[in-house]
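Inside the fold
The lines below spell out each chain.
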Amino acid sequence: MRVGLGYLLQETNTFSPVETRVHDFHPLFGEALLDQWQGSRTEIGAFLDTLGPTNHEAVPLFAGWAMTAGCMSAGTFAGLKQSVVDQVRASGPYDGLLLALHGALSAEGTDDCDGVLLNEIRGVVGRDIPIVVTLDLHANVTAKITAMADAVIGYRTYPHVDMYEAGQEAAELMLRVLNGEVRPVTVMRKLPLIVPPENQQTTHGPMREVWDTARACQRANAEVLSVSVFGVQPWLDIDEMGCATLAVTDANPDSARRCVGESARKLWALKGEMEVGRTAPRQAVRDALAIEGGPVVLADTGDAPTSGAPGDSAELLRLLLQEAPDAPSLAWVRDPAAVAAAWKLRPGDSIRTRVGGMFSKELFRPVEIEGRVRSLSDGRFVFRGAYNHGMLNEMGRTAVIDVGRISIVVSEEAASGIGTEVFRSQGLEPEYRKMIVVKSANSFRSEYGPFMVEAIIVDSPGLSSSNLRSLPYKRVSRPIHPLDDIEDPFSV
C-alpha cells in the first residue's frame with residue numbers, strides 16, 4: 001500500500017512583529033526532502049524508518065520547519081497551502097497519510113492553519129483514506145483538526161525529546177489500520193485554560209501528574225490506543241484557544257471520553273501549581289554570581305525565539321556587562337545591523353557597535369559594546385543533542401564578539417536557544433562558562449541539564465513572557481484562566 005508522508009511545523013506567536021515567510025520553512029517537496037530529513041530524529045525520520053522494512057511504499061510529499069515567529073500573511077499562507085495541496089494531488093493515490101504538524105500555526109485571517117491544511121488535504125484524498133497526525137505537546141487542538149484526522153498523537157515529553165517516538169507510534173498505528181486490526185476514533189476535551197510553559201516539564205511536577213492520570217486510564221482500557229495532553233503555547237491570541245486532553249480508541253468513543261474527562265479534571269485541578277516563580281533580572285545575575293561553580297543558566301523566557309519572540313533583547317547582556325564583566329559568560333542576541341558591522345571587519349579586529357532592540361523597540365534598548373570580533377560564520381548548524389537531533393537550523397550570517405570575558409553570538413536570523421549548538425557551532429564551549437543567557441522557557445533543560453549547576457528563571461520582559469496577564473489579548477476565547485475568574489468547568 002502507498003502511504004503519503006508530510007511534515008510542516010511552526011508554532012506561531014501572534015504577538016510577534018516578525019512575519020513568518022515561506023523561506024523560513026525551507027520547504028522541500030517529493031524525493032528532494034529525503035536528503036535532509038531521512039535519518040533525523042524527527043517525526044518524518046520515524047515515518048520513513050518505520051515504513052522502510054515493510055512492504056508498503058512510503059511516498060515523501062512535503063517537509064518544512066520554521067522557527068517560531070509572528071503570523072504569516074494571508075497571501076503567504078495561501079501560497080504555501082497551495083504548494084502542499086498540489087503535491088498531495090500530484091503524488092496520489094494513497095492508502096493512508098502520515099502527517100506531522102505542530103498544531104499552533106496561524107496566519108493573517110486564518111487562526112487554525114493546521115486544521116485548514118488537513119481540510120484541504122481531505123478534499124483531495126477523500127473521507128475513506130486514514131490520516132494519522134502527530135502534534136506538539138503545545139498544540140492548540142481544534143475541532144477541525146480532530147474532525148479531519150482519524151487519529152491524533154501528541155508528544156509526551158517536555159522538554160520535547162520524543163519527536164521520533166511520536167512519529168514511530170503514529171506510523172505503527174497506521175500499519176495496524178492498513179492491516180485492518182483497528183479503526184481509530186479520536187475524542188478531545190477542550191479547557192478554558194492557558195498556563196505558562198516554565199513549569200510544564202513532564203519529568204516531574206503537575207504536568208507529570210496529569211500524564212500519570214492519562215496513562216492510568218489507558219492501561220485500564222484495552223481499547224484505548226493512545227492518550228495525549230496538550231498544554232498549549234499561550235502566545236496565541238486567537239479564537240478556540242486553550243489546553244486540551246485527547247484520546248484515540250479502537251472504535252469506542254465512550255472509552256475515549258472517560259479518559260479525556262479524567263485527565264482534563266486533573267489538569268484543571270493542578271493549574272495553580274503550574275505558575276512559576278521568577279527572579280528580577282538584576283537579582284538573577286547577582287544570584288548566579290553567588291552560586292559556587294558553573295555554568296548557571298539565566299533563562300530569558302520573555303525573549304525566547306522558540307516561543308515566538310524576536311530574540312533581540314540585550315537586557316541580560318547589559319546586566320552581565322554591568323554586574324559581572326569579569327565572569328566568563330555567553331549570550332546570544334539577534335541583530336542584523338550589528339552582524340553587518342562585524343562582517344565589514346576581520347576576526348581579531350576591534351569593533352564598537354550597538355546590539356539589541358532592533359525588532360521590539362518599545363520593549364528593549366540597544367546596548368553599546370566595544371570589543372573584538374572573534375569569528376564570522378554562515379550560522380548553519382545541526383542539532384546534536386536530544387532535541388531534534390539531526391535537524392538543520394540556519395541563523396543567517398553570524399558574528400561572535402568578545403567583550404572582555406563575555407562572548408556574544410550575534411546573528412541575522414532567529415536561532416533556537418534550546419540546544420547548545422547555537423554556541424558550540426561557533427567554537428564556544430558553554431560547559432566551562434560561569435553564566436549562560438539561554439532564551440528558552442523550559443526545553444533547554446534537556447540539553448544543558450547534564451552539566452549546568454543551576455537554572456534561574458528570569459522575570460524578563462518580552463513577547464513570550466510567562467506573565468500572561470501582562471499580554472494584550474484581544475481575540476482569545478473568554479472567559480479563560482488566568483485572564484478571568486471563572487467557575488470550575490466540571491461543576492456545571
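Notes on the structure in this doc start here. Just so we're clear, the structure is a prediction, and the values are computed from it rather than from any experiment.

Quick notes on the rules
Residues numbered from 1 in each chain as written. Predicted model: local features only at pLDDT ≥ 70, side-chain atom pairs only at ≥ 80, totals over all residues. Heavy atoms only, no water. Pairing = 2+ DSSP bridges. Helix = DSSP H or I, 4+ residues; strand = E, 2+ residues; numbered from the N terminus. Axes fitted to C-alpha atoms, helices over the stretch in contact; angles between N-to-C directions. Contact = heavy atoms within 4.5 Å. Buried < 20%, exposed > 50% of the residue type's maximum accessible area, 1.4 Å probe, protein only. Salt bridge = Lys/Arg side-chain N within 4 Å of Asp/Glu carboxyl O. Disulfide = S-S within 2.5 Å.

1. Some details on the sheet that holds strand E7 (residues 184-190)
Read across the sheet, three strands follow the order E7-E9-E8 without closing on themselves; strand pairing throughout is antiparallel. One side of each edge strand has no neighbouring strand; the edge strands of this open sheet are E7 and strand E8 (224-230). With strand direction ignored, the average angle separating the axes of adjacent strands in the sheet is 15°.

2. Remarks on the environment of Arg424
Within the element layout of this structure, Arg424 appears in helix H13 (residues 421-424). Measuring from C-alpha to C-alpha, the distance between Arg424 and Phe381 comes to 9.1 Å, with 43 residues separating the pair along the chain. Discounting chain neighbours no more than four positions away, the residues touching Arg424 are Glu429, Pro430, Glu431 and Phe451.

3. Looking at the pairing of strand E16 (residues 398-403)
Buried residues dominate E16, accounting for six of its six residues. In the sheet, strand E13 (residues 367-377) pairs with E16 via five bridges, with the strands oriented antiparallel. Residue Arg372 lies in a different strand from E16, and its bridge partner there is Asp402. As paired elements, E16 and strand E17 (residues 406-411) share six bridges and run antiparallel to each other. Along E17, the bridge assignment pairs Ile401 with Ile408. Counting the residues that bridge the hairpin from E16 to E17 gives two residues, and of these Gly404 lies at a positive phi of roughly 65°.

4. Topic: the side chain of Ser443
Counting through the fold element by element, Ser443 comes out in the loop between strand E18 (435-438) and helix H14 (445-448). Residues within four places of Ser443 in sequence aside, it is in contact with Tyr158, Pro159, His160 and Ile418.

5. Side note on the pattern of salt bridges
Per the counting criterion, the structure on display carries 28 salt bridges. Note that Asp459 and Arg278 form a salt bridge whose closest N and O atoms lie 3.3 Å from each other. Highlighted residues: Asp459 in the segment after strand E19 (454-458) and Arg278 in the loop between helix H9 (253-269) and helix H10 (281-290), separated in sequence by 181 residues. Look at Asp459 and you get partly exposed, because its relative accessible area is 35%. Glu323 is the salt-bridge partner of Arg282, the closest N and O atoms lying 2.6 Å from each other. Linking Arg282 in helix H10 with Glu323 in helix H11 (residues 315-323), this pair joins segments that are 41 residues apart in sequence.

6. Quick look at the state of the cysteines
Under the criterion given, the structure shown has one disulfide. Disulfide partner of Cys217: Cys259, at an S-S distance of 2.1 Å. Torsion about the S-S bond of the Cys217 and Cys259 cystine: about -100°, corresponding to left-handed handedness. Here the residue Cys217 occupies a position in helix H8 (residues 206-220), and Cys259 occupies one in helix H9, the gap between them amounting to 42 residues. Judged by relative accessible area, which is 4%, Cys217 ranks as buried. Looking at Cys259, the relative accessible area reads 2%, which means it is buried. Lacking any disulfide linkage, Cys71 is separated from the closest cysteine sulfur, that of Cys113, by 7.7 Å. According to the relative accessible area criterion, Cys113 is buried, its value standing at 0%.

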